[in-house]
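The primary structure of each chain is shown beneath.
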Amino acid sequence: MLIIKIMRHIEIYDTTLRDGAQSEGINYSVSDKLKIIKKLDNLGVQYIEAGWPGANPVDNEVFNQIDYSALKNAQIAAFGCTRKPGIREEDDNILKTLAASKASIITIFGKAWDFQVTEALNTTLEENLSMIEGSISFLIKSGKEVFFDCEHFFDGYKANPEYALNVAKTAHQAGAKRIILCDTNGGTLNNEIYKITKAVVDLIPSALIGIHAHNDSDLAIANSIASVDAGASQVQGCMNGYGERCGNTNICSIIPNLQLKRDFDIIGENISKLSDTAKQIAEISNKSLNSSMPYVGRSAFTHKAGVHASGVRKNSQTYEHIDPSVVGNSRRFLISDQAGSASIKEKLNNLRFVQNISDDDIKKIIDEIKKLEWKGFAFEGADASFEILVMKVLNKQPNFFNILGFRVIGDTITLSDVNQKTISEASIKIEIENEIIHTVSEGDGPVNALDKALRKALVEKYPEIHNFKLDDFKVRILDSKDATAAQVRVNIESSDGLHKWDTVGVSENIIEASYMAIVDSIYYGLIMQGAKSICAPAAARLP
């Protein structure tokens, strides 16, 4: 007998542009929002909440500029609220603005907690129900499809289950196409979420139920899954878990959890775009993507311990719950004093510029790594410095220039009686093709001055340096008991507009540590650009 398995479909409703925009440190422009809409549509989410029309000029312009006809997967929703107490729907400015919106779907919220009705709205429970019914009916008559967010639903149910259920039932009877249960304060546990969602599903089985969970108890994803288990068919959330306070359900985790672990129909093959979409939206949001974020983070499939690396090389299931490529991510092996030969071998297999390394060479590389890490070097976050180290050990490093010496000085100049400015000046002497080049440059601090002086000395011979940019600069004190004489580790992230690479330097002198990381950064950048080695090899200069 042929058994046909029908996958249950779960809708993803993205509210990054509204709830996510309420995250501390996020300020989307019109252009930002339009870019994110394209990314989300390309990912395959079903609904994108683009903002609140009338709330601010940015959201107004976004709804005007969206190319609705170009959307391949998503429908655009506009957000708002029910009418105010004591007035007619047709006199409510918010409802009139929503009705005039170009969005075909309007999501409005209303109070489902009796405490909120009497204390925040300062009205009666009966009037609140009338506001919900009237607002939904008004928008439907205006030609809109309406979703209704039952704000504070779970707290409301625990305080007065009869009234909370009445709110959901009233919205459904008024014609709302989705009834979304909101854990607005984010304090409900997942067993409660399941029980309460199930009560709504049993009361109004013809309704399509959604879940909108906040992460204040670090349970937004678990709560969303519990609600789905109880019968919810829509999950609302934000990319990368953005949202007010502790954030909302992280769409980057809920999609693979439901699609890969529970076999729900979510976004199909588009799931392979998940990691890139997360990174792109983080970049647009001017946020660093959390490296430890499940599924899409840089560290999600990263292995440091030698035992782990060895196991994964034999069978990835030993220490990975899914194949990282399924969500568009990749496996990484970190190099450290905890790494064995398996980690090193896997890392060496992924080097860009060094190939065919023997077992004897691997032993030399491991010995050098352990010696340097004893001094404070850490290569797990400095892939470029690691590859340069391998080249040095194997005597395969191209030699672009020889540094003969550098000097950095600082001086304070008086601008006025109350205003002084400290300036830094660096001079550097290098040798290229038997030519001595000596340059001087000022900068905003000694490291910047040194970086500028080195670039100034090299740019005529290596114009590729014009494209190199230092994106990030981090300093770590390795042993605070030595106070200002402590060793410091400097990590630098660089880019050429297309690629990023990381380098490291260690010294008791922060300028020398920075110099090491800067030199490695420029060397690696030149190697990537295919620059020709035009200098005679210098003596091995391991750090």
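Before any of the text, the structure's been laid out above.
Since we're looking at a predicted model, the values are computed, not measured.

Cut-off values and rules
The residue numbers shown here count from 1 along each chain, following its written sequence. Reporting of local features is limited, given that this is a predicted model, to residues whose pLDDT is at least 70; pairs of side-chain atoms are given and counted only at 80 or more, and all residues count toward the totals for whole chains, interfaces and linings. Hydrogens and water are ignored here; the side-chain numbers use all heavy atoms of the structure. Only runs of H or I of at least four residues qualify as helices and only runs of E of at least two qualify as strands under DSSP, and these elements are numbered from the N terminus. Each residue gets one of three labels from its accessible area relative to the maximum for its type: buried under 20%, exposed over 50%, partly exposed in between, using a 1.4 Å probe on protein chains only. Pairs of residues are marked as contacts when any of their non-hydrogen atoms sit within 4.5 Å. What sets the accessible areas is the Shrake-Rupley method with a 1.4 Å probe; for residues, cover comes only from the shown protein chains. As used in this structure description, the phrase polar contact means that two N or O atoms lie within 3.5 Å; if the pair is within protein, one of them must be able to donate a hydrogen and the other to accept it, and residues adjacent in sequence are counted only when both atoms belong to side chains. Axis definition: a line fitted to C-alpha atoms, limited for helices to the stretch in contact. Angles are taken between N-to-C directions and run from 0 to 180 degrees. Here the word oblique covers every angle except those under 35 degrees (roughly parallel), over 145 (roughly antiparallel) and from 65 to 115 (roughly perpendicular). A clockwise turn of the near helix away from the far one marks a right-handed crossing, whereas an anticlockwise turn of less than a right angle marks a left-handed crossing. Here the expected length of a helix is defined as 1.5 Å per residue gap, with one fewer gap than residues. Patch membership needs two things, relative accessible area over 30% and no salt bridge, and members are linked within 9 Å if like-charged or within 5 Å if nonpolar (Val, Leu, Ile, Met, Phe, Trp, Tyr). By definition here, a salt bridge exists when the distance from a side-chain nitrogen of Lys or Arg to a carboxyl oxygen of Asp or Glu is within 4 Å. Any two of the Phe, Tyr and Trp rings considered here, Trp counted by its six-membered ring, make a pair once their centres fall within 6.5 Å; the pair's planes then place it as stacked at under 30 degrees, edge-to-face at over 60, or tilted in between. Strands are treated as partners if at least two bridges between them are detected by DSSP. Remark: nonpolar core denotes a set of buried residues (Ala, Val, Leu, Ile, Met, Phe, Trp, Tyr, Cys) joined through side-chain atoms within 4.5 Å.

### Overview of the overall build of the chain
When its secondary structure is counted, the chain shows 17 helices and 16 strands. In the chain, buried positions account for 52% of the 543 residues. Of the contacts formed within the chain by residues at least 6 apart in sequence, a portion of 68% connects residues at least 24 apart. For the chain, the exposed surface amounts to about 25,200 Å²; the carbon and sulfur share of it is 48%.

### Here we look at the side chain of Asn223
By the secondary structure assignment, Asn223 is in helix H9 (residues 220-229). Of the polar contacts made by the side chain of Asn223, one reaches the backbone nitrogen of Asn190; its length is 3.1 Å.

### Some details on the packing of helix H3 (residues 93-100) against helix H5 (residues 125-141)
Running from N to C, H3 and H5 point in directions that differ by 30°, and their axes come no closer than 9 Å. Here H3 lies roughly parallel to H5, going by the angle between them. Here H3 and H5 pass one another in a crossing that is right-handed. On the side of H3, the interface is formed by Leu95, Lys96, Leu98 and Ala99, while H5 contributes Ser135, Phe138 and Leu139.

### Focus on helix H16 (residues 446-458)
Helix length check: H16 (13 residues) gives 19 Å between terminal C-alpha atoms against 18 Å at 1.5 Å per residue, within 8%. Along H16, the positions that sit buried rather than exposed are Val447, Ala449, Leu450, Asp451, Ala453, Leu454, Arg455, Ala457 and Leu458.

### Here we look at a nonpolar patch on the surface
Among the surface-exposed residues, Phe473, Val475, Ile477 and Ile510 lie close enough to one another that they form a single nonpolar patch of about 320 Å² accessible area. No other element matches strand E14 (residues 469-477), which puts three residues into the nonpolar patch. With respect to the element layout, Ile510 can be found in helix H17 (residues 510-528). By relative accessible area, Ile510 is classed as partly exposed at 38%.

### Description of the packing of aromatic side chains
Two aromatic rings are characterised by how far apart their centres lie and by the angle between their planes. With the rule as written, the count across this model stands at 15 aromatic pairs. Ring centres of Tyr47 and Phe147 lie 5.2 Å apart, and the angle between their planes is 80°; on these two criteria the pair is classed as edge-to-face. Highlighted residues: Tyr47 in strand E2 (residues 47-51) and Phe147 in strand E5 (residues 145-151), separated in sequence by 100 residues. Phe147 shares its class with Tyr47; the two are buried. Note on Phe468 and Trp501: the rings are 5.7 Å apart at their centroids and 85° apart in plane angle, and the pair reads as edge-to-face. On the criterion of sequence distance, the pair formed by Phe468 in the loop between H16 and E14 and Trp501 in strand E16 (residues 500-507) is long-range, its members being 33 residues apart. The class for Phe468 is buried, based on a relative accessible area of 7%. The exposure class of Trp501 is buried, given its relative accessible area of 2%. By the ring-pair criterion, three or more aromatic residues cluster together here, those being Phe400, Phe401, Tyr462 and Tyr523.

### Some words on the pattern of salt bridges
Within this structure, the stated rule accounts for 25 salt bridges. A salt bridge links Lys111 to Glu151; its shortest N-O distance comes to 2.9 Å. Residue Lys111 is located in strand E4 (residues 105-111), and its partner Glu151 is located in strand E5; the two are separated by 40 residues in the primary sequence. For the salt bridge of Lys469 with Asp471, the shortest nitrogen-to-oxygen distance reads 2.8 Å. Looking at Asp471, the relative accessible area reads 26%, which means it is partly exposed. Salt bridges sharing partners connect three or more residues here, namely Lys469, Asp471, Glu493 and Lys500.

### What about the sheet that holds E14?
Pairing in this open sheet of three strands is antiparallel, and the strands run E14-E15-E16 from one edge to the other. The two strands at the open ends of the sheet, each matched to only one other strand, are E14 and E16. When the angles between neighbouring strand axes are averaged without regard to direction, this sheet yields 15°. For strand E15 (residues 488-495) and E16, the ladder comprises eight bridges, and the chain directions are antiparallel.

### Considerations on the packing of helix H1 (residues 30-43) against helix H2 (residues 57-65)
Viewed as axis vectors pointing N to C, H1 and H2 meet at an angle of 45°, and their least axial separation amounts to 9 Å. One element, H1, and the other, H2, form an angle in the oblique class. By crossing handedness, the relation of H1 to H2 is classed as right-handed. Between H1 and H2, the residues in contact are Val30, Lys33, Leu34 and Ile37 and Val58, Asp59, Glu61, Val62 and Gln65, respectively.

### Comments concerning the nonpolar core
Among the nonpolar cores identified, the biggest contains 87 residues, and Ile136, Leu139, Phe148, Cys150, Phe153, Ile179 and Leu258 are the most heavily contacted of them. When residues no more than four places from it in sequence are discounted, the contact partners of Phe153 are Ala112, Ala164, Leu165, Ala168, Leu181, Cys182, Ile196 and Val200.

### As for the sheet that holds strand E8 (residues 234-237)
Pairing between the strands of a sheet is mediated by backbone hydrogen bonds and can be parallel or antiparallel. Read around the closed barrel, the eight strands follow the order E1-E2-E3-E4-E5-E6-E7-E8; overall the barrel is parallel. Mean inter-strand twist for the sheet, computed between neighbouring axes without regard to direction, equals 25°. Inspection of the sheet shows E5 paired to strand E6 (residues 178-183) by four bridges, in the parallel sense. Across the sheet, Phe148 pairs through a bridge with Ile179, a residue of E6. Across the face of the sheet, H2 comes into contact with E2 and strand E3 (75-81) while running at roughly 135° to E2. Relative to strand E1 (residues 11-14), helix H10 (residues 251-261) is tilted by about 180°, and along the sheet it contacts E1 and E8.

### Notes on the environment of Ile266
Mapping Ile266 onto the fold places it in the loop between H10 and helix H11 (274-284). Accessibility expressed as a relative area gives 3% for Ile266, which makes it buried. Each C-alpha atom, one on Ile266 and one on His9, is 6.3 Å from the other, the two residues being 257 residues apart in sequence. Filtering out sequence-adjacent residues up to four positions away, Ile266 remains in contact with His9, Ile10, Ile12, Gln46, Ile255, Leu258 and Gln259.

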